[in-house]
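# Coordinate inspection notes
Below, each chain spelled out in residue letters.
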Amino acid sequence: MKATKMGNQAGIKQAQANINGFVDEFSTFLSTATEGKLPKAAAKQALQVHEDLVQKVFDEYVAGDYADAYKAYREGFKEMFDVSKALSTAITTQMPEKFKNTKADTKAADLRSALNHLASEHFALSALQMQEQFDGRTAASNALITTEAGNTADFKAAIASVYGNDGANAFEKIWVTNHVNAQSDYVKAVKNNDATARAAVEKRIAGFTTEFATFLDSATAGNLPKAAGQQALTTHENQVQNVLNQYAAGNYDASYTTNREGFKVMFGVGQALGNAIVTQFNDKFQEPATPAPAPEMTTVWMQLNSKMLKINDKTTNMDTTPVLWKNTTYIPLRFLSEGIGATVKWDKKAQQVTVMAGDDTLEFWVNNNVMEVNGVKKNVGATVFVNKDGRTQVPLRFIAELLNWDVKWAQKDGSITLTKSM
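Residues numbered from 1 in each chain as written. Predicted model: local features only at pLDDT ≥ 70, side-chain atom pairs only at ≥ 80, totals over all residues. Heavy atoms only, no water.

## Let's talk about the layout of surface pockets
Put simply, the test is: Cavities and pockets were defined on a 1 Å grid built over protein atoms only: a cavity is a set of grid points that admits a 1.4 Å probe from which the probe cannot escape, a pocket is an open set flanked by protein on both sides within 12 Å along at least five of seven lines, and lining residues are those with an atom within 4 Å of any such point. Grid points are joined across faces, edges and corners, and a volume is the space filled by probe spheres set on the points. Strands are runs of DSSP state E lasting at least 2 residues, helices are runs of H or I lasting at least 4, and numbering of each runs from the N terminus. Put simply, Ala, Val, Leu, Ile, Met, Phe, Trp, Tyr, Cys and Pro go in the nonpolar bin, Asp, Glu, Lys and Arg in the charged bin, and everything else, Gly too, in the polar bin.
Considered as a void within the structure, the largest pocket measures approximately 440 Å³ in volume. In terms of lining, the largest pocket is formed by 17 residues, of which the most central are Tyr70, Tyr73, Leu128, Gln131 and Tyr256. When residues of the lining of the largest pocket are traced back to their parent elements, those giving at least two are helix H3 (40-62), helix H4 (66-94), helix H5 (107-134) and helix H9 (252-280). Looking at the lining of the largest pocket element by element, the count peaks at 5 residues for H5. The class makeup of the residues in the lining of the largest pocket is 12 nonpolar, 2 polar and 3 charged.

Encoded structure:
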């Protein structure tokens, strides 16, 4: 900006180089921070578009081409909501548990974002137009009035998409007459220090808050109650007027603080209206059900008198083997338990084995056919014993059924296959 004002071409070139450096550095940061969920190339492109539009707005304004300046302003304003959506989508994809596995790009979220965009843009354009008019920059003020009309047309189209043309036409009439048009009359009254004219405009604006709140209550079938709507609209109008009042008094710090506060309030207005519409037409905003991922199957394979253990595609060797004893197949408890992710503890003094598998705790005692499942005693049906290798052997059928495993026994080769959806 300084370089342009001074006609300093070297300064302009250096500033452009600094901006390019920022674009590259920040796009790298975003890609790294989101673990690639927002790729650097996409981030870099979006940031470059943003910077180009910022510069275009400034250059066109300096050249006195206010219509193009504010056209670019609207393009840049909209583009930042696209950046926000891309970044929020990347973050929710990266850390789903922090956002309760919800998505950033649902129909309801898109509606809220669109309304936030239009409402906050309306506030920004209103504040700019009133300041330009107060300062006597007629060409810039008129360009902003035209730009505001574009915002109104987009707002009207959004209303029409939900409530049809009749609803959109009713919106436009209320929105423009004693709201948008009243802004210009308010500036005239403040600039001329005309208390009578100012009171008349304020009365019109108060009437607008009542009329528009009534419209919203009726249109949303009471999901945005009149009282809540009127309170929000009154807050909005007061902030718009205060931005101008403080600006007119030369209190620029206060004016731009109020400007930021008023801008923020419009996101609450957009959210309230969006929530009301989603509640009213809930069926239109339902997301297609996401198919549940196919359960992951775990397969455990053992063989009588073999130390080989296969868990899915991984093969290891045990230091003992499954055995057939007294017509009952026994398997080494520790290898099965640890293979499926359970925790095994051995209390030598009590001759007790404890297995913690998910929410279940199983307790066995050597040379005993009784066990406990979550504190409840059960009969194992065969004695648990420790073999010559010092490993606790438990009846296959009982432990498999207890943990809900499917068991297949191949008598021909003595192989045991256990499967379960995990």
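## Examining a nonpolar patch on the surface
For clarity, the cut-off: Patch members must show over 30% relative accessible area and no salt bridge, and they are joined within 9 Å when carrying like charges or within 5 Å when they are nonpolar side chains of Val, Leu, Ile, Met, Phe, Trp or Tyr. All accessibility values rest on the Shrake-Rupley procedure with a 1.4 Å probe; residue burial counts only the protein chains present in the view. A side-chain nitrogen of Lys or Arg and a carboxyl oxygen of Asp or Glu constitute a salt bridge if their distance falls within 4 Å. Categorising residues by exposure relies on relative accessible area from a 1.4 Å probe, with only protein chains included: less than 20% of the type maximum marks a residue as buried, more than 50% marks it as exposed, and the intermediate range marks it as partly exposed.
Together, Phe22, Phe26 and Phe29 line one region of the surface with nonpolar side chains, adding up to about 270 Å² of accessible area. One can find Phe29 in helix H2 (residues 9-33). Here Phe29 falls in the partly exposed class, since its relative accessible area comes to 48%.

## So, H2
Note the cut-off: To estimate the expected span of a helix, subtract one from its residue number and multiply by 1.5 Å. It only takes one pair of heavy atoms within 4.5 Å for two residues to be counted as in contact.
With 25 residues, H2 should reach 36 Å at 1.5 Å per residue; the first-to-last C-alpha distance of 36 Å fits that figure. Residues of H2 that are buried include every one of Val23, Ser27, Leu30 and Ser31, and no others. Turning to H2, the residues buried within the fold contact H3 and H4. The first or second residue beyond H2 is Glu35, which carries a positive phi of 55°.

## Details of the packing of helix H7 (residues 195-219) against helix H8 (residues 226-248)
The condition is simple: A fitted line through C-alpha atoms serves as each axis, taken over the contacting stretch for helices, and the angle formed by two N-to-C directions is quoted from 0 to 180°. By the definition used in this description, the sense in which the near helix is turned from the far one sets the handedness, with an anticlockwise turn below a right angle giving left-handed and a clockwise turn giving right-handed.
Contact geometry of H7 with H8 gives a least axis separation of 8 Å together with a crossing angle of 150°. Judged by the twist between their axes, the crossing of H7 over H8 is right-handed. Residues Arg198, Glu202, Ile205, Phe208, Thr209, Thr210, Phe212, Ala213, Thr214 and Asp217 of H7 lie in contact with H8, whose contacting residues are Lys226, Gly229, Gln230, Leu233, Thr234, Glu237, Gln241 and Asn245. Of the residues that constitute the contact of H7 with H8, the class distribution is 5 nonpolar, 8 polar and 5 charged.

## Some words on empty space enclosed by the protein
Here the structure, examined in full by the defined rule, presents 2 cavities of 30 Å³ or more. Phe155, Trp175, Phe212, Val269 and Leu273 are the residues nearest the centre of the largest cavity, which is lined by 14 residues in total. Counting residues per element, the ones that place at least two in the lining of the largest cavity are H5, helix H6 (138-191), H7, H8 and H9. Among the residues forming the lining of the largest cavity, the class breakdown is 12 nonpolar, 2 polar and no charged. Taken as a whole, the second largest cavity spans an internal volume of roughly 30 Å³. If you trace the second largest cavity, you find it lined by Ile159, Tyr163, Phe215, Leu216, Ala219, Thr220, Leu273 and Ile277. Elements with a minimum of two residues in the lining of the second largest cavity: H6, H7 and H9. In terms of residues, the lining of the second largest cavity owes the most to one element, H7, which gives 3 residues. The residue inventory of the lining of the second largest cavity, partitioned by class, reads 7 nonpolar, 1 polar and no charged.

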